[in-house]
Amino acid sequence: MPKIIHTSDVQLDAPFRFLGPRGEDHRAQLRETFEHIVEMAQQDGFDLLLIAGDLFDSNRPHQTTLDRVSMALRQLDIPVCILPGNHDCYDDVSVYRRVLFPDHVFTEQPTVQTFPGLDLAVYGNPIRSARSQQDPLRDLSPSADVRWHVAMAHGNVDRPDLDVTSRPIRREALRDSGMDYVALGDWHSFADYSEGDVTAYYAGAPEPTALGQTGAGYVARVELDERGVQVHPERVGTITTDELTLDVTGYTRVEIAQAIRQHADPHLMLQVTLTGLTDLGTVLDLDALEERLAPDFYHLACTDQSHPQLEAIAAADYPEELVIGKFARLMQAHIEQAESENEQRRAEQALQLGIALLEGKEVL
Amino acid sequence: MYLKRIALKRFGALDQQTYTFRPGLNLIKGPNEAGKSTLQAALLFGLFGNPQHTTLQRVKHVDDYTSWGATGSFHITLDIADGAETTYRVEKDWASGDARLIALGSDTVVTGVDAVQQRLNKMLGYGAVKIFQSTACVEQNAVDDLTAGQRTITDQLQRIVTGGGEAKASDALAKLEQEIGTLKKGWKTFAPKHPGPIKRQQDDIARLEERLSTIRAQVRQAEDAGERLGDLEAQIDDLTEKLKARRALRASCDRRFELEDELEERKAQEQKLEARVAQIQQLQEQLVGTEEASRAGGRGQSRLPWITLLGFAAGFLLSLIGLAIGLLRSSVLGLLVGLPGLLIGAGSFVWLVIILVRSQSGDPQTTLRAKLDALLEERPLEAWIEERKEASRQRRDLEETLAEPEMQQAAQVTPVEYETLKQEIARLEEQLEAKEQERIRQEARRDDTTYTLEDVHRLEEQKAAAERALERLKDRLTVYELTYEVLEQAQQETMRSARDELEPKIGQHLRCITHGRYEQVEASDDLALSIFSAEKGSWIDADDGELSRGTIDQLYLAARLALIDLLYQEAQPPLLMDDPFVTFDPQRRQAALRLCREIAQTHQVLFFTCHDGYDGIATEVIAL
């Protein structure tokens, strides 16, 4: 019974501007993880490797990367099916036109690749343009005379919370595709989008390529047998990403740092959002916070969405007759009259800074 | 309002202690370590503390004031009389975190920490312990620091009007101004030698951008060259294939021409050989016939030379005889004998010559043989036959070769087409040469840079980080500028308002305290005080050291009272004085105490001291 390893969205050679100087390490990590996937495909008894789009981040990957990918794939004894995605689309300058890959690159619309030894056929439509709005499942039907029909589709399954216009994959189309398995690509988190009798999964990116991709880091292990299609996530990523919402109400700066440090992990990209109501005069210097905690994380990004406790201004600590009280009230008016969220945030930060200075805190 | 009583449980050394106060000047007296500071802290906890918090203003920690060995935190009960002479009992329990306020003599009970504190704040005027401390609490060295020149009254007032702490609004503004100046240094203005962080960041970004632009162009050029090389290689392959095909066709044509020539030669040779063999065979047959014929009449022919020789000899002999006769006897006779001899000899000679000539050329057998020998060239006939067969075979081979498809295809090429083919080959060779040259150029372009896409990404990431940092710096500057702008406005408005209100109030209190000696006070926008000296007939700056220490004490306390009026309005919180005149000389101390007594007319004063000698002026003396 065929055993498939399904990956997608490796996005080799992507720039990672959000990581700053760490981007180089992450690109190297992506290359290593892809090689690890190929190694796993070879050693764990898989019969077929499916890459459902965006193997490369662009059609201009680095030659060294191309050489490494090509070499890794050449060493595989099992067949590989590569579907061009929106990042590495099959256009006039496609990387797949310039480089000869050892195995099956899906270039025809549709492409059908049969594997008689596996009694299996793989179907797919390559993405021809980065802005393609075509349905990735169009014209795909289980036409080959084999037992197992597998499709690759790089696009967006419709979801009520998403306004999908590019590469839309309708759920009905999935359900009526007649495929045993649809290997989905484009989304970076492992997810089940099976419809009716059709098993469909996003394998997700093997490593996160942005903050917030909490479901990244997996490949899909797909086993087809008479009992049905079994799909399991297989962890391959070394880097994880997580989001932490920290209510800092009543916290001092030291306590905030301590709370974040509790999540310390050198392989973790952590996005911290500070919320809650901070005491007046609490200045949150995110630059300093990130710098202090940076050695504890792969990457740390902090966002301050906390607000100063404006109710405190009315209370006795800030009599209007004192500068501190007058300042607090003037700033409160600024905050309330702010015309944008950005303006409001700056006014809130000014309030906190001013109060801190007037309370004699060393915040500058 | 005034405090009537405080009862303490588990509060430091004052466990289970109760103290009763009266309106006016309450003297709380005891030696060092008797618990005066503890009682002051208890009063602050009682008036402002939150039983659910472990600290008071994050400074005084509950654990530090809980009695040793106590099973729980402390409990404070305060009886407070408000202006309407209603007494409220406030109970705060840090063990349970509860608070309760009871209006004694009525059913009014307020529970809950926040609700109780709200009622208390209303009576006190403010719930801020810091403001209470900065106004209603006069610490031990406050007055002494003024006269020692360590602080000025203006400083003190500014600090209090700023926020009650140690900071001054003017200091905060100065710090902000400095930070703003540092941040903006060289930005949008002339760039100094050491620009500020924003300018530096901008310069870094510009440098990165410039470098990125250069490297990106080089990488793009290398990539373009790489792509062009890919195309070129395909074109070169195509041209090479075409050229190869054309050259092959031309070679076929050339080969065909050669083969055709060779075939003609072979054919001619074959014909010659065939003719020769035929001739040989014919000659051989003729020779056989001639030999048979010569065997039949060969004898006569063989004797013929002998006859001629004999004739020649006879003629020669007769000639000799005729000569001899002619010489010896008669020339006529000699002539008659010698002449026939000469004739016979000559005739024989001629005959011999004829025979010899005939024997040489005119003999058919000999001629045939000679011909045959010439044709055979010392080789047997079989060799010539074999050679003819070989020539035939070669001719057939050539014919077969020419019949092959390649030669047939070449046969289709007309001479005009052949000429066109030659021209096409020359053109393709030219094109190929040009492409090869182009490939060398593109390889040079590709190899012209050591930078790669990785370098571009790295720089882009550095630039993105620098841009984020710049944005944050600009945000910070915006926040600083906004803070400065609003703080300056707040300071100006507050100071102006405080000046307007404090000026008359300080004057009132000063007149009261000094029994009319001083009554005119002026305050500047930054609360620098001057008082009018009737004796000198001029204004004296409070901070310039001309005033006597006593006058400074009076002015300072008058200012404190004015501030209390300003901040607390109708509410008149008790004043806590922590032996503020301890360092005064006796005369000055007496003056200061009189001042306190004056103040106590309107405000309850709790005066903490370790000295005797004040009892006479106190309304109530509480010994610790």
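Residues numbered from 1 in each chain as written. Chains lettered and ligands numbered in written order. Predicted model: local features only at pLDDT ≥ 70, side-chain atom pairs only at ≥ 80, totals over all residues. Heavy atoms only, no water.

**Examining the overall build of chain A**
Inference 1: Along its length, chain A carries nine helices and 19 strands.
Inference 2: Its C-alpha atoms put chain A at 90 × 40 × 40 Å along the principal axes.
Inference 3: Within chain A, buried positions represent 56% of all 364 residues.
Inference 4: For chain A, restricting intrachain contacts to residue pairs at least 6 apart in sequence, the fraction spanning at least 24 positions comes to 68%.
Inference 5: Surface summary for chain A: the accessible area is close to 14,900 Å², and the carbon and sulfur share equals 44%.
Inference 6: Separation between the mean location of the 30 positive side-chain charges and that of the 60 negative ones in chain A comes to 4 Å. (Helix = DSSP H or I, 4+ residues; strand = E, 2+ residues; numbered from the N terminus. Buried < 20%, exposed > 50% of the residue type's maximum accessible area, 1.4 Å probe, protein only. Contact = heavy atoms within 4.5 Å. Areas by Shrake-Rupley, 256 points an atom, 1.4 Å probe, with all protein chains shown as cover. Lys, Arg positive; Asp, Glu negative; His and termini not counted. Charge placed at Lys NZ, Arg CZ, Asp CG, Glu CD.)

**Re the confidence of the model for chain B**
Inference 1: Per-chain confidence: chain B averages 86 in pLDDT, with 96% of residues scoring 70 or above.
Inference 2: With a pTM of 0.74, the predicted complex shows an ipTM of 0.84. (pLDDT = per-residue confidence, 0-100.)

**Here we look at the side chain of Asp82(B)**
Residue and element names in this part refer to chain B.
Inference 1: If you trace the backbone, Asp82 turns up in the loop between β6 (75-81) and β7 (87-93).
Inference 2: Despite its burial, Asp82 remains without a salt bridge, the nearest opposite charge being carried by Arg119 at 6.9 Å.
Inference 3: Sequence-distant contacts of Asp82, defined by excluding residues within four places in its chain, comprise Met1, Tyr88 and Met123. (Salt bridge = Lys/Arg side-chain N within 4 Å of Asp/Glu carboxyl O.)

**Things to note about the interface of chain B and chain A**
Inference 1: Each side of the interface is counted separately: chain B has 51 residues, and chain A has 48 residues.
Inference 2: Carbon and sulfur atoms supply 58% of the area that chain B and chain A bury against each other, a total of about 4,300 Å² over both sides.
Inference 3: Looking only at chain B, the three residues that lose the most surface to chain A are Glu454(B), Glu461(B) and Arg472(B), adding up to 14% of its buried area.
Inference 4: In this structure, the connection of chain B to chain A is made through 14 salt bridges.
Inference 5: When the shortest N-O distance is used, the salt bridge between Arg60(A) and Glu223(B) registers 2.0 Å.
Inference 6: For the side of chain B that touches chain A, the secondary structure elements donating two or more residues are α4 (129-135), α6 (153-162), α7 (169-184), α8 (197-296), α15 (453-513) and α16 (549-568) of chain B.
Inference 7: In the side of chain B that touches chain A, the residues fall into 21 nonpolar, 13 polar and 17 charged. (Buried area = accessible area lost by both parts, 1.4 Å probe. Nonpolar A, V, L, I, M, F, W, Y, C, P; charged D, E, K, R; others polar.)

**Digging into the sheet that holds strand β12 (residues 529-533) of chain B**
All names here are of chain B.
Inference 1: In space, the three strands of this open sheet follow the order β11-β12-β13, with antiparallel pairing throughout. The open sheet has two edge strands with one neighbour each: β11 (521-523) and β13 (538-541). For this sheet, the mean inter-axis angle between neighbouring strands, taken without regard to orientation, is 30°.
Inference 2: With four bridges joining them, β12 and β13 adopt antiparallel strand pairing. Pairing of Ser530 across the sheet is with Asp541, part of β13. (Pairing = 2+ DSSP bridges. Axes fitted to C-alpha atoms, helices over the stretch in contact; angles between N-to-C directions.)

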